Amino acid sequence: MKRISEISPLGEERPNPSEEEREQLRRERLQRERNEGYQKLVELCNLGEYDMAQQLANRHFNWGYEIVNGIVMEKID
């Protein structure tokens, strides 16, 4: 960590990622959120909280999952 006296307010800036890098970061973030969402839904189903899992899946439709007979399934459009 730098000392305050070593930091120049007009000095180096944080690098701006290119559009391609931004898109890659966005895709990675969305996939990570989708994976975490799946784990939450599975945990709720394992606890027998099917209604709560269905509500969560409906609230986060972008995850692409639904609850069918207490099982987490990938939505097919």
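Quick note: structure is the one above.
Residues numbered from 1 in each chain as written. Predicted model: local features only at pLDDT ≥ 70, side-chain atom pairs only at ≥ 80, totals over all residues. Heavy atoms only, no water.

Draft legend 1. Structural context of helix 1 (residues 19-46). For helix 1, which comprises 28 residues, the first-to-last C-alpha distance of 41 Å matches the rise-based estimate of 40 Å (1.5 Å per residue) to within 8%. Listed in full, the buried residues belonging to helix 1 are Gly37, Leu41, Leu44 and Cys45. Along its buried surface, helix 1 packs onto helix 2 (50-59), strand 1 (65-68) and strand 2 (71-74). Backbone geometry just after helix 1 places Gly48 at a positive phi near 85°. (Helix = DSSP H or I, 4+ residues; strand = E, 2+ residues; numbered from the N terminus. Expected span 1.5 Å × (residues − 1). Buried < 20%, exposed > 50% of the residue type's maximum accessible area, 1.4 Å probe, protein only. Contact = heavy atoms within 4.5 Å.)

Draft legend 2. Examining helix 2 more closely. Residues of helix 2 that are buried include every one of Ala53, Leu56 and Ala57, and no others. Around the axis of helix 2, the buried residues are gathered within 100° of arc, so they sit on the same side. Exposed and oriented more than 90 degrees from the buried face of helix 2 are Asp51 and Arg59. Where the residues of helix 2 are buried, they touch helix 1 and strand 1. (Arc of directions from axis to C-beta.)

Draft legend 3. Inspection of the packing of helix 1 against helix 2 at higher detail. Contact geometry of helix 1 with helix 2 gives a least axis separation of 8 Å together with a crossing angle of 160°. Comparing the axis directions of helix 1 and helix 2 gives the class roughly antiparallel. The handedness of the crossing between helix 1 and helix 2 comes out as left-handed. Residues Lys40, Leu41, Leu44 and Cys45 of helix 1 form the contact with helix 2, whose participating residues are Tyr50, Met52, Ala53, Leu56 and Ala57. Along the lines of polarity and charge, the residues of the contact of helix 1 with helix 2 split into eight nonpolar, no polar and one charged. (Axes fitted to C-alpha atoms, helices over the stretch in contact; angles between N-to-C directions. Parallel < 35°, antiparallel > 145°, perpendicular 65-115°, else oblique. Left-handed = near helix turned anticlockwise from the far one by under 90°. Nonpolar A, V, L, I, M, F, W, Y, C, P; charged D, E, K, R; others polar.)

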